[in-house]
Amino acid sequence: MRLFITFEGVEGAGKTTQVEMLHSFLVDMRVSVLKTREPGGTALGDRLRPVLLEPSEVPFAPLSEMFLYMAARAQLVKEVIVPALNHHTVVISDRYVDSTIAYQGYARGIDISLIQRLNKTATNGCMPHLTVLLDIDPEIGLQRISSKPLRFIGNGKDRLESESLDFHRQVRKGYLLLAEKNKDRFFVVNGRRPKEEIHKLIRQELVRRYPERFAKGA
Ligand code: TYD
């Protein structure tokens, strides 16, 4: 069975924690599983990641930013995601196509249908079967990350995290619209719930969707 799961959300929504928890759960169930993230996950993607995320005085045109994310994605799909799915390995990705629609589309203002076309080209049509959206007010999410150890010089935030609260509100709005338009693919969870509870809800959703595969461990 081919199964591709993506996690999405604003900064500080808790994606990375949930990706880890689901990955460990599947490993314990002896499911062949691979976790990856965007931007990154390949040698090229890992070189593009700091270009995209380090705080920088260098101006980024919205289209340049979008193409860099797309470049990282095209490499990840070809090198990692498709080969793994072809081997019936479950793939979990921390961010994917919807991040570009939410951030570069809804928040930066690039035409959504253009991003959708480019996403299709970059991924060769490889879409997730399930997308977990951890929904949280970005004000709370940004507060959460500000209490983490500083990862970058300056205010400690990366280039996107340093955007205005209004920008992040647009991102959240974009995600919620995407979830509304793609009800079958999205599973929306309130990111303010305790992490164990969120993990349990995600497991229950997997059992609901794929009972023959996941019922025994849930
Ligand atoms: P993030 O996933 O939040 O990683 P970390 O947990 O290490 O901070 O960082 C990725 C950033 O890139 C995040 O701010 C969202 C942004 N992004 C886009 O703007 N567009 C995209 O297409 C992708 C994949 C990410």
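Everything here concerns the structure above.
Residues numbered from 1 in each chain as written. Predicted model: local features only at pLDDT ≥ 70, side-chain atom pairs only at ≥ 80, totals over all residues. Heavy atoms only, no water.

K.L.:
I tried to follow the overall build of the protein on my own but got confused; where do I start?
P.N.:
Counting its regular elements, the protein contains 9 helices and 5 strands. Counting helices and strands in the order they occur from the N terminus, the protein gives β-α-β-α-α-β-α-α-β-α-α-β-α-α. In terms of overall dimensions, the protein is globule-like: its C-alpha atoms have a radius of gyration of 17 Å, near the 17 Å expected for 218 residues. Considering only residue pairs separated by 6 or more positions, the protein has 79% of its internal contacts joining residues 24 or more positions apart. (Helix = DSSP H or I, 4+ residues; strand = E, 2+ residues; numbered from the N terminus. Rg over C-alpha atoms; globule rule 2.2 N^0.38 Å. Contact = heavy atoms within 4.5 Å.)

K.L.:
How should I be thinking about the environment of Gln 116 in this particular structure?
P.N.:
Locating Gln 116 in the fold gives a position in helix 5 (residues 112–123). Judged by its relative accessible area of 41%, Gln 116 falls in the partly exposed class. (Buried < 20%, exposed > 50% of the residue type's maximum accessible area, 1.4 Å probe, protein only.)

K.L.:
Any chance you could explain the site of the ligand here in plain terms?
P.N.:
Within the structure, the ligand sits among 17 residues, and Glu 11, Tyr 69, Arg 95, Thr 100 and Gln 104 are positioned closest to it. A distance of 2.7 Å is found between an oxygen atom of the ligand and a side-chain nitrogen or oxygen belonging to Arg 95. Protein burial of the ligand: of its 550 Å² of free accessible surface, 91% is covered by the chains. When residues of the shell around the ligand are traced back to their parent elements, those giving at least two are helix 1 (15–28), helix 2 (43–53), helix 3 (62–86) and helix 4 (97–107). Ranked by the residues each element gives to the shell around the ligand, the list is headed by helix 4, at 4 residues. Looking at the shell around the ligand residue by residue, the class counts come to 4 nonpolar, 4 polar and 9 charged. (Near = heavy atom within 4 Å. Polar contact = N/O pair within 3.5 Å; in protein donor to acceptor, adjacent residues only side chain to side chain. Areas by Shrake-Rupley, 256 points an atom, 1.4 Å probe, with all protein chains shown as cover. Nonpolar A, V, L, I, M, F, W, Y, C, P; charged D, E, K, R; others polar.)

K.L.:
Which parts of the structure should I look at to understand the nonpolar core?
P.N.:
As a rule of thumb, nonpolar side chains are buried together in soluble globular proteins. Counting 45 residues, the largest nonpolar core has Ile 5, Phe 7, Leu 22 and Leu 26 as the members making the most contacts within it. Dropping the residues within four chain positions of it, Leu 26 is found in contact with Val 31, Val 33, Val 90, Ile 92 and Phe 214. Of all hydrophobic cores here, the second largest spans 11 residues; its members include Leu 76, Ile 81, Ala 84 and Cys 126. (Core = buried A, V, L, I, M, F, W, Y, C linked by side-chain atoms within 4.5 Å.)

K.L.:
Hey, could you run me through the sheet that holds strand 3 (residues 90–94) in this one?
P.N.:
The strands making up a sheet are joined through hydrogen bonds of the backbone, oriented either antiparallel or parallel. Pairing is parallel in the open sheet, where 5 strands are placed in the order 2-3-1-4-5. Two strands lie at the open edges of the sheet, namely strand 2 (33–37) and strand 5 (186–190), each paired on one side alone. Taking each pair of neighbouring strands and ignoring which way they run, the sheet shows an average axis angle of 20°. Of the strand pairs in this sheet, strand 1 (residues 4–9) and strand 4 (residues 130–135) are connected by 5 bridges, and their pairing is parallel. (Pairing = 2+ DSSP bridges. Axes fitted to C-alpha atoms, helices over the stretch in contact; angles between N-to-C directions.)

K.L.:
Looking at this structure, I do not really get the pattern of salt bridges. What am I missing?
P.N.:
Tallied over the entire structure, the rule returns 13 salt bridges. With a shortest N-O distance of 2.9 Å, Arg 159 and Glu 65 are connected by a salt bridge. Taken as a pair, Arg 159 in the loop between helix 6 (138–146) and helix 7 (165–181) and Glu 65 in helix 3 lie far apart in primary sequence, 94 residues in all. Both residues of the pair, Arg 159 and Glu 65, belong to the buried class. Notably, a salt bridge pairs Glu 205 with Arg 209, separated by 2.7 Å at the nearest N-O pair. Placement of the pair is Glu 205 and Arg 209 together in helix 8 (residues 195–209), with a separation of 4 residues, close to one helical turn. Relative accessible area serves as the criterion here: at 21%, Arg 209 is assigned to the partly exposed category. (Salt bridge = Lys/Arg side-chain N within 4 Å of Asp/Glu carboxyl O.)

K.L.:
Hey, could you run me through unusual backbone geometry in this one?
P.N.:
Trans peptide bonds make up the majority, and among non-glycine residues the majority have a negative phi. Look at the link from Glu 38 to Pro 39: it is a cis peptide, with omega at -10°. Within the secondary structure, Pro 39 sits in the loop between strand 2 and helix 2. For His 88, which is not glycine, the phi torsion reads 60° and is therefore positive. On the secondary structure map, His 88 appears in the loop between helix 3 and strand 3. Non-glycine residue Asn 124 carries a positive phi angle of around 55°. For Asn 124, the location among the structural elements is in the loop between helix 5 and strand 4.

K.L.:
Please clarify how helix 5 should be interpreted in this entry.
P.N.:
Because each turn of an α-helix spans 3.6 residues, side chains separated by three or four positions in sequence point in the same direction. Here helix 5 is 12 residues long and its end C-alpha atoms lie 16 Å apart, about the 16 Å a rise of 1.5 Å per residue gives. Listing the buried residues of helix 5 in full gives Ile 115, Asn 119, Ala 122 and Thr 123. On an axial view of helix 5, the arc spanned by its buried residues comes to 80°, and they lie on one face. In this structure, helix 5 carries Arg 117, Lys 120 and Thr 121 as exposed residues pointing more than 90 degrees from its buried face. Just past helix 5, the residue Asn 124 takes up positive phi, approximately 55°. (Expected span 1.5 Å × (residues − 1). Arc of directions from axis to C-beta.)

Any functional reading would require information that these geometric values do not contain.
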